[in-house]
Amino acid sequence: MELATTLKGQTVRNIIREVGINANHWYPAGWANQLKPGQVMPLVVWKQAIAIYRDTDGELHALEDACPHRGVELHKGKVHGKHLACSYHGWEFDGSGSCVSIPYLPSGQKLPCAEARSYPVQEKYGLIWVFPGDPHRAETHPLPSVPEYDQPEWLMVPVTAHFNAHFSICNENAMDVFHGFLHQELQGWFDPVLLNLKETESAICADYQVSYKGRLAKFLGLSDRADEVTTLPISIQYRYPHYSSSLQGISALYLMRLPVGPVESRSFALFFFKVKVPQWLPRPVKSLLSWVIQNFMLQRFLDQDIEMMESEQRIYLENPNRRYVEINPAIIALQRLIIRQYEQFMQQSSQSSSQLQSGRNGDSHKSISLSKAAISGQAEQTSEN
C-alpha cells in the first residue's frame, strides 16, 4: 500500500516503548566463528534465556538456559560429545533437551522425566540464528536474504552494537534518514527527501534521496570528487524484524536486530562496500581494510547514534506519560507494524495455549490485548503548529 510522504505533525502513542516482540521469527545470537566446538554461550531473546552450544562434531544446539533439575543456568555447564552437562550435578541433556545421563545413577536405571525446552538453531551468513517462538513455524519463516555475502566484488564489514534502549527506538533510528544532521561533523549525508513509502502486513519500504560530499564519500565510492556534492537514492526496507538498505549498487547494509529486554537491544550488521580494492589482494589485507573501516569510520557514526538512542530511552523512563510529536510518516508506519506483529504473536500464542490446555487446568500465556484503536491510532493526526 502506497503511503503519503508529506511531513506533518503526528502525536506518538507511547505504548510503542512497552510492546514486546513477535517471537515467531529468526533472531541473531552472535557471530558463528566465536563459538568453537565444545563451547557454550548464553543468549537472551526478549527475556527468554537460552544456552547455545556447539558439540564436538561442530553441530549447534539451543536449550532453555535452566536445568530441569534445580534450575541452574545450563550455559555454565560443559559439553560432553553431543550433550550438554549441567555444572551442578552433571545431568546431561541432548540437543532435543532430553535428559540422557545422570552420573550418580547405576547403569541401566530408568532416568527421570526431565526435559529442557529446545529451540531451532542454524548458522548462516557468519551468524548463529535462533527461533524463540513456536518451533513448528520455524521452517515457514526464512532468514533474510543477503545476496552480496561471499561475493568477491563486495568488501564486507561486520559490526556489532549494544544499546540500552527498547528495540523500537533502535529501529526508528535505522529507518529515519532525517537524523543525518547528527553526523554532519563526520561528513555524513545531508538534505534528505522522502520520495516513496510503502507498507505491507510485514514490511515497510522507504525510498529517500540523500546528498554526500567529502573525502569519506569519495573513499566509499559515493562520489567521484571530494569537493563535489553527489545526490543518490537510498532504499530502506524493514521486513520484520530486520533491516536491509541499498545505495544504488554502491553499498548495502543488512541489520539484524536482537531485542534482549524492555531497555536493552543488540544488533549484528553486515555492511558491503564496492571500494576500489584489487581482487588479487590476499584475504588478510582485505580483513585489515574491513577492520579499519569498522573501527575508524562506522564506529564513530554508531557511537553518535547510541548516545541519542540511550538518551531517548532515559527521558522516556523518567516520564512515560510525556507526549511526543513525529513528522516522518515512515516512523509512524514502522510503529504500526511493530505493534501489529506483537499482537499477531500474542493471538497465535493464545490460540496455541488454548489448544494445549483444553480439558485441563494450567497456566496460560499472559496476553496483552491492544485495541484496534491503539493500532490504527498509533499516530493521531494533529494540526501543525
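Right above here is the structure, for reference.
These lines cover the structure that appears in this document, whether it is placed above or below. (Residues numbered from 1 in each chain as written. Predicted model: local features only at pLDDT ≥ 70, side-chain atom pairs only at ≥ 80, totals over all residues. Heavy atoms only, no water.)

Here we come to the nonpolar core. Generally speaking, nonpolar side chains in soluble globular proteins are found buried as a group. Membership of the largest hydrophobic core comes to 91 residues, with the highest contact counts inside it found for I52, I128, M175 and Y208. The biggest single contributor to this core is helix α4 (residues 329-357), with 10 residues. Core analysis: the next-biggest nonpolar cluster, separate from the first, contains 16 residues, W91, F93, C99 and I102 among them. (Core = buried A, V, L, I, M, F, W, Y, C linked by side-chain atoms within 4.5 Å. Buried < 20%, exposed > 50% of the residue type's maximum accessible area, 1.4 Å probe, protein only. Helix = DSSP H or I, 4+ residues; strand = E, 2+ residues; numbered from the N terminus.)

A word on the environment of S87. As for its position among the elements, S87 is in the loop between β7 (83-85) and β8 (92-93). Given a relative accessible area of 45%, S87 falls into the partly exposed group. The spatial distance from the C-alpha of S87 to the C-alpha of C67 is 9.5 Å, given a sequence separation of 20 residues. Beyond its immediate stretch of four places on either side in the chain, S87 contacts V72, K76 and G77. (Contact = heavy atoms within 4.5 Å.)

A few words now on empty space enclosed by the protein. Taken as a whole and judged by the stated rule, the model has three cavities of 30 Å³ or more. Volume-wise, the largest cavity comes out at about 930 Å³. What lines the largest cavity is a set of 43 residues, and nearest its centre among them are W189, L253, F271, L298 and F301. Ranked by the residues each element gives to the lining of the largest cavity, the list is headed by helix α3 (residues 283-318), at eight residues. Within the lining of the largest cavity, the residues separate by chemical class into 29 nonpolar, 11 polar and three charged. (1 Å grid on protein atoms, 1.4 Å probe; cavity = no way out; pocket = protein on both sides within 12 Å on 5 of 7 lines; lining within 4 Å. Points joined across faces, edges and corners; volume = space filled by probe spheres on them. Nonpolar A, V, L, I, M, F, W, Y, C, P; charged D, E, K, R; others polar.)

Moving on, we get to the side chain of N173. When you line up the elements, N173 lands in helix α1 (residues 167-175). Discounting chain neighbours no more than four positions away, the residues touching N173 are H179, D305 and M309.

It is worth spelling out the sheet that holds strand β10 (residues 121-124) at this point. The three strands lie next to each other as β2-β11-β10, forming an open sheet whose pairing is antiparallel. If you trace the sheet from one side to the other, it starts and ends with β2 (27-31) and β10, each paired once. Each neighbouring strand pair of the sheet contributes to a mean axis angle of 30°, computed without reference to strand direction. Summarising the sheet, β2 and strand β11 (residues 127-130) pair through four bridges and their orientation is antiparallel. Of the residues in β11, the one forming a bridge with W31 is L127. (Pairing = 2+ DSSP bridges. Axes fitted to C-alpha atoms, helices over the stretch in contact; angles between N-to-C directions.)

With that settled, consider the packing of aromatic side chains. Per the counting criterion, the structure on display carries 10 aromatic pairs. Pairing Y238 with Y240 gives two aromatic rings, centres 6.0 Å apart and planes at 75°, and the pair type is edge-to-face. The class for Y238 is buried, based on a relative accessible area of 0%. For the ring pair Y254 and F272, a centre distance of 5.9 Å and an interplane angle of 80° mean the geometry is edge-to-face. Residue Y254 is found in strand β17 (residues 251-261), and its partner F272 is found in strand β18 (residues 264-273); the two are separated by 18 residues along the sequence. You'll find Y254 and F272 in the same group, each marked buried. (Phe/Tyr/Trp six-rings, centres within 6.5 Å; stacked < 30°, edge-to-face > 60°.)

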